[in-house]
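Breakdown of the fold
Each chain is listed here by its residues.
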Amino acid sequence: MSKPPDVGAQHAAPLPKQVKLFGAVSLLNDFASEMVYPLLPAFVTGVLGGGAVALGALDGAADAAAAFVKFFSGRLADRPERRGPLIVIGYFVAAAVRPIIAVTGAAWQVIGLRVVDRLGKGLRTPPRDALIADVTPAPIRGRAFGLQRGLDHAGAIIGPLVAWWLLSRGADVRKVILASFVPGVVVVLLAYWAVRNGGGEGRRGAAKEAAAETLPPSAALRRLSPPVIAIAIFYLLRMPETLMILRAQQLGIAVALVPLLWSALHVIRSSSSFIGGHLSDRIGPSRTMWLGWLTYVALAAGMARATGPLTAWILFLALGLVAGLTESPERALVSAATGGHRGSAFGVYHALTGVAALAGGLILGVIFQQANGATAFCVSGAATLGLASLWPFWTRLR
């Protein structure tokens, strides 16, 4: 008689080489990206004269453009041999475009370049996530995505610290943005090396999944609909990160300290991503994600009522827990419902959440500008509370 599988041993299994390689790629890419991103609110509003609506459009348009590309790159990524080129090209586009923001002269130009930057993200993200899911056994997929997200956020710790160091040495915002070109080049080289060294493993995993369950793509996507729709609603309701930064500045945090604030936020995001990945494997991705939503509700209410810089620091940093408790479970939920078409599934997931982020960024940006930041956070938190209240009933019915 064959022995039943040892669940504890499965949870303790080492992560595949490919997962670790792409964790390193994510770390370096966010190092480059996050030298730039936390400075954009001050750059757009202070240097270029834009407002809260422009910031909402900046985040929303970038996410929507990425969403459009993610849908099609996800469909292309159903063919394992296409994943490597899509991943490398995606990182190359971002690395090439990001430094050009330094020479812009208007807010719309920043928005346009940020959109192109996110197009690169759209190309690389579904094939990368599909590849990670393919090479990782189901019992440790939460941990695999937790590692990738954790190292991604670790890079976002280093980037703002380097930006702050450059600003403290007398560099202006434009020079800091331009300096992001250096780590961007390293990212492209490492991504190429990671794809070449792990491509065979990913192709074997994809072939195994396809052989195990050969559903047509439409059937696989129908199975994804309930969790993806709920996740997309959360992206519609949550506050864009640029508006979070602007709210922190309104509460008294100086522009020169924003890179430090952003770096500290990602310390929380990175560490909580590992915790969120483990929780997803232990108690289930649905429950872990729900805890993340409730955490956001509490912190949004706090940001609405905050009155000074110390409170802003504490609450802004605590918002890092939300990413740690939601990002890995989201990907685990998507991976579990895909059948043999993970590329398409991750493409739809990223596309819907990107479109939702665009709509939410514009709506909350208008509320922020026409009323105030406290009102915008109140609306966001109250609506998310409604979603979190319905989620246990929704999952039970499904």
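Computed from a predicted structure; not experimentally measured.

So, about the overall build of the chain. Scanning the chain from N- to C-terminus turns up 17 helices and 0 strands. Out of the 398 residues belonging to the chain, those deemed buried represent 58%. Considering only contacts within the chain whose residues lie at least 6 apart along the sequence, 86% involve residues at least 24 apart. In the form shown here, the chain has an accessible surface area of approximately 15,700 Å², with 68% of it arising from carbon and sulfur atoms.

The interhelical angle for the contact between helix 6 (residues 107–135) and helix 16 (residues 342–370), taken along N-to-C directions, is 130°, at an axis separation of 8 Å. Judged by the angle between their axes, helix 6 and helix 16 are oblique. Once helix 6 is placed against helix 16, the crossing between them reads as right-handed. Facing T125, P126, D129, A130, A133 and D134 of helix 6, the residues of helix 16 in contact are R342, G343, F346, G347 and H350. A class-by-class count of the residues in the contact of helix 6 with helix 16 yields 4 nonpolar, 4 polar and 3 charged.

Moving on: helix 11 (residues 241–250). Most of helix 11 is tucked away: 8 of the 10 residues are buried. Within helix 11, burial applies to T242, L243, M244, I245, L246, R247, A248 and Q249. Just downstream of helix 11 lies G252, where phi reads positive at about 115°.

The tendency in soluble globular proteins is for nonpolar side chains to be buried as a group. Membership of the largest hydrophobic core comes to 87 residues, with the highest contact counts inside it found for V25, I101, M239, W293, Y296 and F316. When residues of this core are assigned to their parent elements, the largest contribution, 8 residues, is made by helix 6. Filtering out sequence-adjacent residues up to four positions away, F316 remains in contact with M244, I245, A248, L261, W262, L265 and M303.

What follows deals with the pattern of salt bridges. Under the defined criterion, the tally for this structure stands at 9 salt bridges. Across the salt bridge formed by R79 and E81, the nearest N and O atoms sit 2.9 Å from each other. Residue class for R79 comes out partly exposed when judged on its relative accessible area of 43%. The partner of R114 in a salt bridge is D117, with the nearest N and O atoms 3.4 Å apart. Of the two residues, R114 and D117 are both situated in helix 6; the distance of 3 residues between them amounts to about one turn of the helix. Accessibility classification places R114 together with D117 in one group, the buried group. A network of salt bridges, in which partner residues are shared, links R98, R114, D117 and R118.

Per the stated rule, a full pass over the model turns up 5 aromatic pairs. For the pair F71 and F72, a centre-to-centre distance of 5.3 Å together with 90° between the ring planes defines the contact as edge-to-face. Relative to Y235, the ring of F234 has its centre 6.2 Å away and its plane inclined at 85°; by these criteria the two rings are edge-to-face. The class for F234 is buried, based on a relative accessible area of 0%. Judged by relative accessible area, which is 13%, Y235 ranks as buried. Within the aromatic cluster, the residues linked to one another by ring pairs are F234, Y235, W293, Y296 and W391. Cation over ring: R238 sits above Y235, and NZ or CZ is 4.2 Å from the ring centre.

So, on to the side chain of D281. Structurally, the position occupied by D281 is in helix 12 (residues 258–283). Salt bridges are absent for the buried D281, whose nearest opposite-charge side chain, R143, sits at 4.9 Å. Within the local environment of D281, its side chain forms a polar contact with the backbone nitrogen of G142, the two atoms lying 2.9 Å apart. A polar contact is formed between the side chain of D281 and the backbone nitrogen of R143, at a distance of 3.0 Å.

A cluster of nonpolar side chains, namely F181, V182, V185 and L189, defines an oily patch on the protein surface of about 380 Å² accessible area. Relative to the helices and strands, V182 is located in helix 9 (residues 181–212). In this structure V182 comes out as exposed when scored by relative accessible area, which is 56%.

Once that is clear, we can look at the confidence of the model for the chain. Put simply, the chain has an average pLDDT of 79, and 84% of its residues get 70 or more. Across the chain, the secondary-structure element scoring lowest on mean pLDDT is helix 1 (residues 7–11), at 54, and the one scoring highest is helix 13 (residues 285–305), at 91. Predicted confidence is poor over residues 199–203, with pLDDT under 50, and the contacts of this stretch with residues over four places away or in other chains come to 9 contacts. Below pLDDT 50 for its whole length, residues 205–215 participates in 15 contacts with residues either more than four positions away or in separate chains.

Thresholds applied
Numbering of residues begins from 1 in every chain and follows the order in which that chain's sequence is written. In view of the model being predicted, local features appear only for residues whose pLDDT reaches at least 70, and side-chain atom pairs are presented and counted only at 80 or more, with totals across whole chains, interfaces and linings using the full set of residues. Side-chain measures were taken over the full set of non-hydrogen atoms in the model, leaving aside hydrogen atoms and water. For the purposes of this entry, the term helix denotes a DSSP run of H or I that reaches at least four residues, the term strand denotes a run of E that reaches at least two, and both are numbered from the N terminus. Summary of the burial criterion: residues with accessible area below 20% of their type's maximum are buried, those above 50% are exposed, and those between are partly exposed, where the area comes from a 1.4 Å probe applied to protein chains only. Contacts are assigned to residue pairs that have any heavy atoms within 4.5 Å of one another. For the accessible areas, the method is Shrake-Rupley and the probe is 1.4 Å, while residue cover comes only from the protein chains on display. Axis geometry follows a simple rule: fit a line to the C-alpha atoms, using only the stretch in contact for helices, then measure angles between N-to-C directions, giving values from 0 to 180 degrees. Roughly parallel refers to an angle under 35 degrees, roughly antiparallel to one over 145, roughly perpendicular to one between 65 and 115, and oblique to any angle outside these ranges. Note: crossing handedness is left-handed where the near helix turns anticlockwise from the far helix by less than a right angle, and right-handed where it turns clockwise. Residue type decides the class: Asp, Glu, Lys and Arg count as charged, Ala, Val, Leu, Ile, Met, Phe, Trp, Tyr, Cys and Pro as nonpolar, and the leftover types, Gly among them, as polar. Here, the term nonpolar core denotes a set of buried Ala, Val, Leu, Ile, Met, Phe, Trp, Tyr and Cys residues that are joined through side-chain atoms within 4.5 Å. Here a salt bridge means any side-chain nitrogen of Lys or Arg lying within 4 Å of a carboxyl oxygen belonging to Asp or Glu. Classification of ring pairs uses Phe, Tyr and Trp, with its six-membered ring standing for Trp, and accepts pairs whose centres are within 6.5 Å; under 30 degrees between planes counts as stacked, over 60 as edge-to-face, and the remaining range as tilted. Note on geometry: a ring has a charge over it if NZ (lysine) or CZ (arginine) is within 6 Å of the ring centre and within 35 degrees of the ring normal. We count Lys and Arg on the positive side and Asp and Glu on the negative side, and we leave His and both chain ends out. Whenever two N or O atoms come within 3.5 Å, that pair is a polar contact, provided that in protein one can donate a hydrogen and the other can accept it, and provided that, for residues adjacent in sequence, both atoms are side-chain atoms. To count toward a patch, a residue needs a relative accessible area above 30% and no salt bridge. Like charges then connect within 9 Å, nonpolar side chains (Val, Leu, Ile, Met, Phe, Trp, Tyr) within 5 Å. One confidence number per residue, pLDDT, is output by the predictor and ranges from 0 to 100.

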